[in-house]
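Close look at the chain arrangement
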Amino acid sequence: MGQKKDLTGSEKSKIVRYLAEGCSSLKIAKLLKRDHRTIKRFIQNSQQGRKKRVEKPRRKITAHELRKVKRAAAKMPLATSSATFQSCNITGVPKSTRCGILRDMAKVRKAERRPPLNKTHKLKRQDWAKKYLKTDFSKVLWTDEMRVSLDGPDGWARGWIGKGQRAPVRLRRQQGGGGVLVWAGIIKDELVGPFRVEDGVKLNSQSYCQFLEDTFFKQWYRKKSASFKKNMIFMQDNAPSHASKYSTAWLARKGIKEEKLMTWPPCSPDLNPIENLWSIIKCEIYKEGKQYTSLNSVWEAVVAAARNVDGEQIKTLTESMDGRLLSVLAKKGGYIGR
(Lines give C-alpha, C1' and ligand atoms only; values in the text may rest on other atoms or scores of the structure.)
Protein backbone atom coordinates (compact mmCIF):
# COMPACT_ATOMS: atom_id res chain seq x y z
CA MET A 1 0.00 0.00 0.00
CA GLY A 2 1.52 3.30 -1.15
CA GLN A 3 2.30 6.18 1.21
CA LYS A 4 -0.35 8.87 1.20
CA LYS A 5 0.50 12.46 0.40
CA ASP A 6 0.99 14.96 3.18
CA LEU A 7 -1.53 17.70 3.70
CA THR A 8 -1.05 20.59 1.32
CA GLY A 9 -0.93 24.20 2.42
CA SER A 10 -4.39 24.76 0.99
CA GLU A 11 -5.80 21.79 2.94
CA LYS A 12 -4.22 23.01 6.18
CA SER A 13 -5.82 26.43 5.68
CA LYS A 14 -9.21 24.80 5.11
CA ILE A 15 -8.85 22.72 8.27
CA VAL A 16 -8.21 25.84 10.34
CA ARG A 17 -11.19 27.58 8.75
CA TYR A 18 -13.51 24.59 9.35
CA LEU A 19 -12.38 24.36 12.99
CA ALA A 20 -13.20 28.04 13.43
CA GLU A 21 -16.67 27.34 12.04
CA GLY A 22 -17.19 24.58 14.68
CA CYS A 23 -16.80 21.53 12.44
CA SER A 24 -15.57 18.28 14.00
CA SER A 25 -12.47 16.48 12.80
CA LEU A 26 -14.63 13.70 11.33
CA LYS A 27 -16.70 16.16 9.30
CA ILE A 28 -13.54 17.92 8.08
CA ALA A 29 -12.11 14.57 6.95
CA LYS A 30 -15.26 13.89 4.90
CA LEU A 31 -15.23 17.40 3.38
CA LEU A 32 -11.58 17.12 2.35
CA LYS A 33 -11.85 13.42 1.45
CA ARG A 34 -8.85 12.63 3.60
CA ASP A 35 -8.22 10.00 6.26
CA HIS A 36 -9.65 10.93 9.67
CA ARG A 37 -6.41 10.00 11.46
CA THR A 38 -4.41 12.43 9.27
CA ILE A 39 -6.74 15.28 10.19
CA LYS A 40 -6.61 14.43 13.93
CA ARG A 41 -2.82 14.23 13.86
CA PHE A 42 -2.55 17.67 12.26
CA ILE A 43 -4.93 19.19 14.84
CA GLN A 44 -3.04 17.63 17.76
CA ASN A 45 0.36 18.83 16.47
CA SER A 46 -0.98 22.34 15.98
CA GLN A 47 -2.36 22.50 19.53
CA GLN A 48 0.95 21.42 21.09
CA GLY A 49 2.75 24.54 19.82
CA ARG A 50 6.50 25.06 19.46
CA LYS A 51 8.82 23.71 22.08
CA LYS A 52 10.86 26.23 23.99
CA ARG A 53 14.56 26.28 23.24
CA VAL A 54 16.64 25.00 26.10
CA GLU A 55 19.52 27.38 26.77
CA LYS A 56 22.78 25.54 27.25
CA PRO A 57 25.15 26.88 29.86
CA ARG A 58 27.85 28.97 28.18
CA ARG A 59 31.49 28.14 28.63
CA LYS A 60 33.25 30.54 30.97
CA ILE A 61 36.48 32.20 29.83
CA THR A 62 39.24 32.48 32.40
CA ALA A 63 41.48 35.54 32.80
CA HIS A 64 44.43 33.55 31.48
CA GLU A 65 42.50 32.63 28.32
CA LEU A 66 41.47 36.26 27.84
CA ARG A 67 45.13 37.28 27.83
CA LYS A 68 45.87 34.60 25.25
CA VAL A 69 43.02 35.86 23.05
CA LYS A 70 44.31 39.44 23.30
CA ARG A 71 47.81 38.37 22.23
CA ALA A 72 46.38 36.32 19.35
CA ALA A 73 44.28 39.25 18.14
CA ALA A 74 47.41 41.42 18.05
CA LYS A 75 49.43 38.80 16.15
CA MET A 76 46.65 37.85 13.72
CA PRO A 77 45.04 41.02 12.33
CA LEU A 78 41.94 40.50 10.15
CA ALA A 79 41.48 36.93 11.46
CA THR A 80 37.98 35.64 12.22
CA SER A 81 36.82 35.08 15.78
CA SER A 82 36.91 31.33 15.18
CA ALA A 83 40.53 31.40 13.93
CA THR A 84 41.60 33.64 16.82
CA PHE A 85 40.15 31.29 19.45
CA GLN A 86 41.43 28.15 17.71
CA SER A 87 44.97 29.55 17.75
CA CYS A 88 44.62 29.75 21.56
CA ASN A 89 43.26 26.18 21.79
CA ILE A 90 40.00 27.50 23.26
CA THR A 91 37.08 25.37 22.10
CA GLY A 92 33.38 25.17 22.82
CA VAL A 93 32.78 28.94 22.76
CA PRO A 94 29.78 30.03 20.66
CA LYS A 95 30.20 32.75 18.04
CA SER A 96 28.14 35.33 19.95
CA THR A 97 30.41 34.95 23.00
CA ARG A 98 33.58 35.10 20.88
CA CYS A 99 32.47 38.29 19.16
CA GLY A 100 31.41 39.84 22.46
CA ILE A 101 34.84 39.17 23.98
CA LEU A 102 36.71 40.48 20.95
CA ARG A 103 34.49 43.57 20.79
CA ASP A 104 35.82 44.63 24.21
CA MET A 105 39.44 44.51 23.07
CA ALA A 106 39.38 45.08 19.29
CA LYS A 107 37.50 46.64 16.38
CA VAL A 108 36.44 45.28 13.00
CA ARG A 109 38.38 47.27 10.42
CA LYS A 110 39.40 46.96 6.79
CA ALA A 111 43.02 46.47 5.81
CA GLU A 112 44.79 49.71 4.88
CA ARG A 113 45.81 50.08 1.24
CA ARG A 114 49.40 51.19 0.80
CA PRO A 115 51.79 51.38 -2.15
CA PRO A 116 54.37 48.57 -2.22
CA LEU A 117 57.67 49.91 -0.92
CA ASN A 118 60.85 47.90 -1.42
CA LYS A 119 64.35 48.78 -0.26
CA THR A 120 65.12 50.84 -3.37
CA HIS A 121 61.89 52.83 -3.01
CA LYS A 122 62.67 53.66 0.61
CA LEU A 123 66.19 54.82 -0.24
CA LYS A 124 64.86 57.09 -2.99
CA ARG A 125 62.23 58.52 -0.63
CA GLN A 126 64.97 59.33 1.90
CA ASP A 127 67.13 60.94 -0.78
CA TRP A 128 64.17 63.02 -1.94
CA ALA A 129 63.44 64.17 1.63
CA LYS A 130 67.07 65.20 2.17
CA LYS A 131 67.17 67.05 -1.16
CA TYR A 132 64.09 69.18 -0.47
CA LEU A 133 64.43 69.55 3.30
CA LYS A 134 65.28 73.27 3.04
CA THR A 135 62.79 74.04 0.25
CA ASP A 136 60.23 76.81 0.59
CA PHE A 137 57.12 74.71 -0.07
CA SER A 138 54.91 77.78 -0.42
CA LYS A 139 56.40 78.09 -3.92
CA VAL A 140 55.66 74.48 -4.95
CA LEU A 141 52.64 73.71 -7.13
CA TRP A 142 51.37 70.24 -6.17
CA THR A 143 49.38 68.60 -8.99
CA ASP A 144 47.58 65.34 -9.61
CA GLU A 145 44.56 63.74 -11.31
CA MET A 146 41.52 62.17 -9.69
CA ARG A 147 38.78 60.04 -11.22
CA VAL A 148 35.25 60.38 -9.85
CA SER A 149 32.47 57.91 -10.65
CA LEU A 150 28.70 58.20 -10.52
CA ASP A 151 28.38 55.93 -7.46
CA GLY A 152 31.44 56.78 -5.39
CA PRO A 153 33.77 54.37 -3.57
CA ASP A 154 32.36 50.99 -2.51
CA GLY A 155 31.19 50.87 1.09
CA TRP A 156 30.52 54.61 1.43
CA ALA A 157 26.74 54.19 1.13
CA ARG A 158 26.36 52.99 4.72
CA GLY A 159 24.98 54.74 7.76
CA TRP A 160 22.54 54.64 10.65
CA ILE A 161 18.87 54.04 9.77
CA GLY A 162 16.12 54.46 12.35
CA LYS A 163 14.01 51.52 13.48
CA GLY A 164 10.99 51.03 11.28
CA GLN A 165 12.57 52.92 8.39
CA ARG A 166 13.66 51.34 5.15
CA ALA A 167 17.09 51.83 3.66
CA PRO A 168 17.07 54.14 0.61
CA VAL A 169 17.21 52.45 -2.79
CA ARG A 170 20.47 52.72 -4.74
CA LEU A 171 20.74 52.54 -8.49
CA ARG A 172 22.48 49.53 -9.98
CA ARG A 173 24.48 50.04 -13.16
CA GLN A 174 25.75 47.16 -15.23
CA GLN A 175 29.03 48.86 -16.19
CA GLY A 176 29.35 51.38 -13.38
CA GLY A 177 28.25 54.36 -15.49
CA GLY A 178 31.77 55.59 -16.26
CA GLY A 179 33.54 58.49 -14.60
CA VAL A 180 35.20 61.90 -14.96
CA LEU A 181 38.95 62.53 -14.82
CA VAL A 182 39.81 65.73 -12.95
CA TRP A 183 43.14 67.60 -12.76
CA ALA A 184 43.99 70.24 -10.18
CA GLY A 185 46.86 71.82 -8.29
CA ILE A 186 47.46 73.61 -4.99
CA ILE A 187 50.11 76.18 -4.13
CA LYS A 188 50.38 77.98 -0.79
CA ASP A 189 46.70 78.81 -0.10
CA GLU A 190 45.43 78.76 -3.68
CA LEU A 191 43.56 76.08 -5.64
CA VAL A 192 44.39 75.80 -9.34
CA GLY A 193 41.43 74.37 -11.21
CA PRO A 194 39.84 71.89 -11.06
CA PHE A 195 39.96 71.19 -14.79
CA ARG A 196 38.06 68.40 -16.51
CA VAL A 197 39.73 66.02 -18.93
CA GLU A 198 37.56 65.56 -22.01
CA ASP A 199 35.47 62.39 -21.87
CA GLY A 200 36.96 59.49 -23.80
CA VAL A 201 40.47 60.99 -23.89
CA LYS A 202 43.22 58.68 -22.67
CA LEU A 203 46.06 60.66 -21.14
CA ASN A 204 49.25 59.77 -22.96
CA SER A 205 52.24 62.11 -23.26
CA GLN A 206 50.80 64.12 -26.17
CA SER A 207 47.25 64.47 -24.80
CA TYR A 208 48.59 65.32 -21.32
CA CYS A 209 50.73 68.16 -22.65
CA GLN A 210 47.89 69.45 -24.80
CA PHE A 211 45.59 69.35 -21.79
CA LEU A 212 48.06 71.40 -19.73
CA GLU A 213 48.36 73.91 -22.57
CA ASP A 214 44.58 74.39 -22.87
CA THR A 215 43.88 74.59 -19.14
CA PHE A 216 46.77 75.21 -16.77
CA PHE A 217 48.97 77.41 -18.96
CA LYS A 218 46.27 79.40 -20.77
CA GLN A 219 43.85 79.86 -17.87
CA TRP A 220 46.20 80.28 -14.89
CA TYR A 221 49.96 80.29 -15.50
CA ARG A 222 50.00 83.06 -18.11
CA LYS A 223 48.28 85.47 -15.71
CA LYS A 224 51.08 85.20 -13.16
CA SER A 225 53.96 87.65 -12.84
CA ALA A 226 57.46 86.99 -14.13
CA SER A 227 58.85 86.81 -10.58
CA PHE A 228 56.22 84.21 -9.63
CA LYS A 229 57.07 82.08 -12.68
CA LYS A 230 60.77 82.35 -11.88
CA ASN A 231 60.35 80.96 -8.33
CA MET A 232 57.54 78.42 -8.85
CA ILE A 233 58.42 74.69 -8.66
CA PHE A 234 56.15 72.32 -10.59
CA MET A 235 55.41 68.94 -8.98
CA GLN A 236 53.89 65.92 -10.72
CA ASP A 237 54.05 62.22 -9.95
CA ASN A 238 55.73 59.52 -12.03
CA ALA A 239 52.73 58.49 -14.15
CA PRO A 240 53.93 57.44 -17.65
CA SER A 241 52.30 60.45 -19.29
CA HIS A 242 54.04 62.78 -16.80
CA ALA A 243 57.56 61.33 -16.67
CA SER A 244 58.02 60.52 -20.38
CA LYS A 245 60.79 62.15 -22.41
CA TYR A 246 58.17 63.87 -24.56
CA SER A 247 56.44 65.51 -21.56
CA THR A 248 59.73 66.46 -19.91
CA ALA A 249 61.00 68.13 -23.08
CA TRP A 250 57.68 69.91 -23.65
CA LEU A 251 57.68 71.31 -20.09
CA ALA A 252 61.30 72.41 -20.57
CA ARG A 253 60.24 74.47 -23.59
CA LYS A 254 57.68 76.11 -21.30
CA GLY A 255 60.44 77.07 -18.88
CA ILE A 256 59.73 74.29 -16.35
CA LYS A 257 62.99 72.37 -16.18
CA GLU A 258 65.86 71.39 -13.93
CA GLU A 259 65.27 72.78 -10.40
CA LYS A 260 61.85 74.15 -11.42
CA LEU A 261 60.58 70.60 -12.05
CA MET A 262 60.53 68.62 -8.82
CA THR A 263 61.84 65.08 -8.95
CA TRP A 264 59.41 62.64 -7.37
CA PRO A 265 60.16 59.38 -5.51
CA PRO A 266 58.37 56.20 -6.64
CA CYS A 267 55.20 54.90 -4.93
CA SER A 268 54.71 58.03 -2.83
CA PRO A 269 51.11 59.30 -2.92
CA ASP A 270 51.36 59.79 0.86
CA LEU A 271 53.83 62.62 0.28
CA ASN A 272 51.58 64.62 -2.07
CA PRO A 273 49.28 66.98 -0.10
CA ILE A 274 46.78 67.22 -2.96
CA GLU A 275 45.74 63.64 -2.18
CA ASN A 276 44.19 65.04 1.01
CA LEU A 277 42.30 67.60 -1.08
CA TRP A 278 40.83 64.77 -3.16
CA SER A 279 39.63 63.12 0.07
CA ILE A 280 37.93 66.35 1.18
CA ILE A 281 36.15 66.70 -2.17
CA LYS A 282 35.07 63.06 -2.32
CA CYS A 283 33.67 63.16 1.21
CA GLU A 284 31.59 66.16 0.19
CA ILE A 285 30.23 64.91 -3.14
CA TYR A 286 29.44 61.38 -1.89
CA LYS A 287 28.10 62.23 1.58
CA GLU A 288 25.01 60.29 2.69
CA GLY A 289 25.63 57.76 -0.11
CA LYS A 290 24.77 60.23 -2.88
CA GLN A 291 24.70 58.93 -6.45
CA TYR A 292 24.67 60.78 -9.76
CA THR A 293 22.78 60.12 -12.97
CA SER A 294 25.15 61.78 -15.45
CA LEU A 295 28.83 62.69 -15.84
CA ASN A 296 27.94 66.37 -16.05
CA SER A 297 26.13 66.26 -12.70
CA VAL A 298 29.08 64.65 -10.89
CA TRP A 299 31.45 67.19 -12.50
CA GLU A 300 29.25 70.06 -11.28
CA ALA A 301 29.36 68.55 -7.78
CA VAL A 302 33.19 68.44 -7.93
CA VAL A 303 33.34 72.11 -8.95
CA ALA A 304 30.92 73.12 -6.16
CA ALA A 305 32.87 71.12 -3.55
CA ALA A 306 36.17 72.63 -4.71
CA ARG A 307 34.76 76.15 -4.32
CA ASN A 308 33.84 75.36 -0.72
CA VAL A 309 37.45 74.50 0.14
CA ASP A 310 38.84 77.69 1.67
CA GLY A 311 42.39 78.98 1.56
CA GLU A 312 43.10 78.02 5.16
CA GLN A 313 42.43 74.35 4.43
CA ILE A 314 44.75 74.44 1.44
CA LYS A 315 47.42 76.29 3.43
CA THR A 316 47.24 73.62 6.13
CA LEU A 317 47.93 70.96 3.50
CA THR A 318 50.86 72.74 1.85
CA GLU A 319 52.41 73.65 5.20
CA SER A 320 52.35 69.99 6.23
CA MET A 321 55.25 69.17 3.91
CA ASP A 322 58.02 69.94 6.40
CA GLY A 323 56.49 67.44 8.81
CA ARG A 324 56.07 64.83 6.04
CA LEU A 325 59.74 65.05 5.09
CA LEU A 326 60.83 64.65 8.71
CA SER A 327 58.49 61.65 9.06
CA VAL A 328 60.01 60.01 5.98
CA LEU A 329 63.51 60.39 7.40
CA ALA A 330 62.40 59.18 10.84
CA LYS A 331 60.81 56.08 9.31
CA LYS A 332 63.82 55.50 7.02
CA GLY A 333 61.76 55.94 3.89
CA GLY A 334 58.72 54.03 5.16
CA TYR A 335 55.09 54.85 4.54
CA ILE A 336 53.92 57.81 6.66
CA GLY A 337 50.15 57.75 6.07
CA ARG A 338 48.14 60.80 5.09
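Here, every reference points to the structure presented above.
This write-up is about the structure you can find in this document. Quick caveat, the model's predicted, so the values are computed rather than measured. (Residues numbered from 1 in each chain as written. Predicted model: local features only at pLDDT ≥ 70, side-chain atom pairs only at ≥ 80, totals over all residues. Heavy atoms only, no water.)

1. As for the packing of aromatic side chains
Scanning the entire structure with this criterion turns up 15 aromatic pairs. Where W142 meets W264, the ring centres are 6.2 Å apart and the plane angle is 70°; that geometry is what we call edge-to-face. Remark: W264 occurs in the loop between helix 11 (245–253) and helix 12 (274–285) and W142 occurs in strand 1 (residues 140–149); sequence separation between them is 122 residues. With a relative accessible area of 0%, W142 lands in the buried category. You can call W264 buried: its relative accessible area is 10%. Among the aromatic side chains, those forming a connected cluster through ring pairs are W183, F195, F211, F216, F217, W220, Y221, F228, F234 and W250. (Phe/Tyr/Trp six-rings, centres within 6.5 Å; stacked < 30°, edge-to-face > 60°. Helix = DSSP H or I, 4+ residues; strand = E, 2+ residues; numbered from the N terminus. Buried < 20%, exposed > 50% of the residue type's maximum accessible area, 1.4 Å probe, protein only.)

2. Considerations on the side chain of R34
As for its placement among the helices and strands, R34 is situated in the loop between helix 2 (25–32) and helix 3 (36–48). Under the relative-accessibility criterion, R34 is labelled buried at 18%. Engagement of the side chain of R34 in a polar contact is seen with the side chain of E11, the distance being 2.8 Å. R34 has contacts with K5, D6, L7, E11, A29 and I39, leaving out every residue within four places of it along the chain. (Polar contact = N/O pair within 3.5 Å; in protein donor to acceptor, adjacent residues only side chain to side chain. Contact = heavy atoms within 4.5 Å.)

3. Observations concerning the environment of C88
Locating C88 in the fold gives a position in the loop between helix 5 (81–87) and helix 6 (95–105). Taking the C-alpha atoms as reference points, C88 and R67, separated by 21 residues in sequence, lie 9.8 Å from one another. Non-local contacts of C88, meaning those with residues more than four positions away in its chain, are made with K68, V69 and A72.

4. Quick look at the environment of G323
Residue position: G323 is located in helix 15 (residues 321–330). The class for G323 is partly exposed, based on a relative accessible area of 37%. Each C-alpha atom, one on G323 and one on L133, is 9.9 Å from the other, the two residues being 190 residues apart in sequence.

5. Focus: the packing of helix 12 against helix 13 (residues 295–307)
Running from N to C, helix 12 and helix 13 cross one another at 120°; their axes reach a closest spacing of 9 Å. Considering the angle they form, helix 12 stands oblique to helix 13. Every pair of crossing elements has a handedness; the one defined by helix 12 and helix 13 is right-handed. Listed contacts from helix 13 to I281, E284 and I285 of helix 12 are A301, V302, A305 and A306. (Axes fitted to C-alpha atoms, helices over the stretch in contact; angles between N-to-C directions. Parallel < 35°, antiparallel > 145°, perpendicular 65-115°, else oblique. Left-handed = near helix turned anticlockwise from the far one by under 90°.)

Limitation: the analysis is restricted to geometry and does not speak to function.
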